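A structural walkthrough
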Amino acid sequence: MLAMAAGDPGLLPDQRTLNLARERFGEQAAGRLLAWRKLAEGLADADEATRLERVNRFFNRVPGVDDQTLWGTRDYWATPVEFLARNGGDCEDYALAKYFTLKALGVAPDKLRVTYARAWLARERRMEPHMVLAYYPSPEADPQILDNLRAEILPASQRDDLSPTMGFNAEGLWSARQRGQSGKLAATASIHHWNDLLARMRGELSEP
């Protein structure tokens, strides 16, 4: 495992996970997971701004693929291991992979919220459900948005194409229209896909 005392290195792939990915998906899949682990190792001593920028850039290189095409179902939240091993995913997979990676690097969980939004797609000229990761430098700050639709990380106030509705992390579900700890709507346990995701992640990391 990784030697990063400030974070949670157990969320990142160990040798067993790399071997299983190699057996099931091939050498390139194991290579992508190893690159993820090396990215985290290289950012162990970096400041938070550098961690956000590098993690955002790393995952945004993964091709976008809809759940029906990749998983044969309308809505599937992939684990970061599945996302990289299959080399594809949709908006929630990018947001969740960034969330878990930054958390593993020691970014405080209360600074991170996976956020439901509606995004304006200019080319298609329509609004579409979307998911991004919001980073709050302080509880009342204008959050920075990590998004697979945009290469750069921008403050939410500069993202006129996004209309956020709710955000969540391991501590709960909040209204995205209120900052800080106000506006809590429910416990994260109320999100079915979240519970299923965590169960699959535990299975990936469990001993044979």
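Data block above holds the structure.
Remember, predicted model here, so these are calculated numbers, not experimental data.

What follows concerns the overall build of the protein. The secondary structure content of the protein amounts to seven helices and seven strands. Secondary structure elements in the protein, listed N-terminal to C-terminal, are α-α-α-α-α-α-β-β-β-β-β-β-β-α. A separation of at least 24 residues holds for 53% of the contacts in the protein among residues at least 6 apart in sequence. In the structure as shown, the protein presents an accessible area of about 10,200 Å², 51% of it carried by carbon and sulfur atoms.

Now for the nonpolar core. Ranked by size, the top nonpolar core spans 43 residues in total, and within it Phe168 and Trp194 carry the most contacts. When contributions to this core are tallied by element, the ones reaching two or more residues are α1 (15-25), α2 (27-42), α3 (48-60), α5 (80-86), α6 (91-104), β1 (112-121), β2 (126-135) and α7 (192-205). Top element by residues in this core is α6. It accounts for nine residues. In this view, Trp194 contacts Trp77, Leu96, Tyr99, Phe100, Phe168, Asn169, Ala170 and Thr188; residues no more than four positions away in its chain are not counted. Core analysis: the second largest hydrophobic core is formed by seven residues, Ala117, Val132, Ala134 and Tyr136 among them.

Both β1 and β2 contribute to a ladder of ten bridges, which runs antiparallel. Across the sheet, residue Tyr116 finds its bridge partner in β2, namely Met131. Linkage of β1 to β2, two consecutive antiparallel strands, is achieved through a turn of four residues, within which Arg125 is found at a positive phi near 55°. Where β2 lies against strand β3 (residues 144-146), three bridges are found, and the strand directions are antiparallel. Looking at β3, one finds that Leu133 is bridged to Leu146.

Positive phi values are uncommon outside glycine, yet Asn87 reaches one of about 55°. For Asn87, the position within the fold is in the loop between α5 and α6.

Before going further, it helps to examine the side chain of Arg51. Here Arg51 shows up in helix α3. Notably, Arg51 is buried but unbridged: the nearest opposite-charge side chain belongs to Glu48, and the N-O separation is 5.5 Å. Side-chain polar atoms of Arg51 contact the backbone oxygen of Ala46, separated by 3.1 Å. A distance of 2.5 Å separates a polar side-chain atom of Arg51 from the backbone oxygen of Leu105. Once you skip the residues sitting within four places of it in the chain, Arg51 turns out to touch Leu43, Ala44, Asp45, Ala46, Leu102, Leu105, Gly106 and Val107.

What follows covers the packing of aromatic side chains. Counted by the stated rule, this structure contains eleven aromatic pairs. Consider the rings of Phe59 and Phe83, whose centres lie 6.1 Å apart with planes at 20°: the pair is stacked. Of this pair, Phe59 sits in helix α3 while Phe83 sits in helix α5, and the two are 24 residues apart along the sequence. Note on Phe83: relative accessible area 0%, which makes it buried. Each residue in the set Trp77, Tyr99, Phe100, Tyr116, Phe168 and Trp194 is aromatic and connected to the rest through ring pairs, giving one cluster.

How each quantity is defined
- Residues numbered from 1 in each chain as written.
- Predicted model: local features only at pLDDT ≥ 70, side-chain atom pairs only at ≥ 80, totals over all residues.
- Heavy atoms only, no water.
- Helix = DSSP H or I, 4+ residues; strand = E, 2+ residues; numbered from the N terminus.
- Contact = heavy atoms within 4.5 Å.
- Areas by Shrake-Rupley, 256 points an atom, 1.4 Å probe, with all protein chains shown as cover.
- Core = buried A, V, L, I, M, F, W, Y, C linked by side-chain atoms within 4.5 Å.
- Buried < 20%, exposed > 50% of the residue type's maximum accessible area, 1.4 Å probe, protein only.
- Pairing = 2+ DSSP bridges.
- Lys, Arg positive; Asp, Glu negative; His and termini not counted.
- Salt bridge = Lys/Arg side-chain N within 4 Å of Asp/Glu carboxyl O.
- Polar contact = N/O pair within 3.5 Å; in protein donor to acceptor, adjacent residues only side chain to side chain.
- Phe/Tyr/Trp six-rings, centres within 6.5 Å; stacked < 30°, edge-to-face > 60°.

Distances and angles like these do not, on their own, reveal function.
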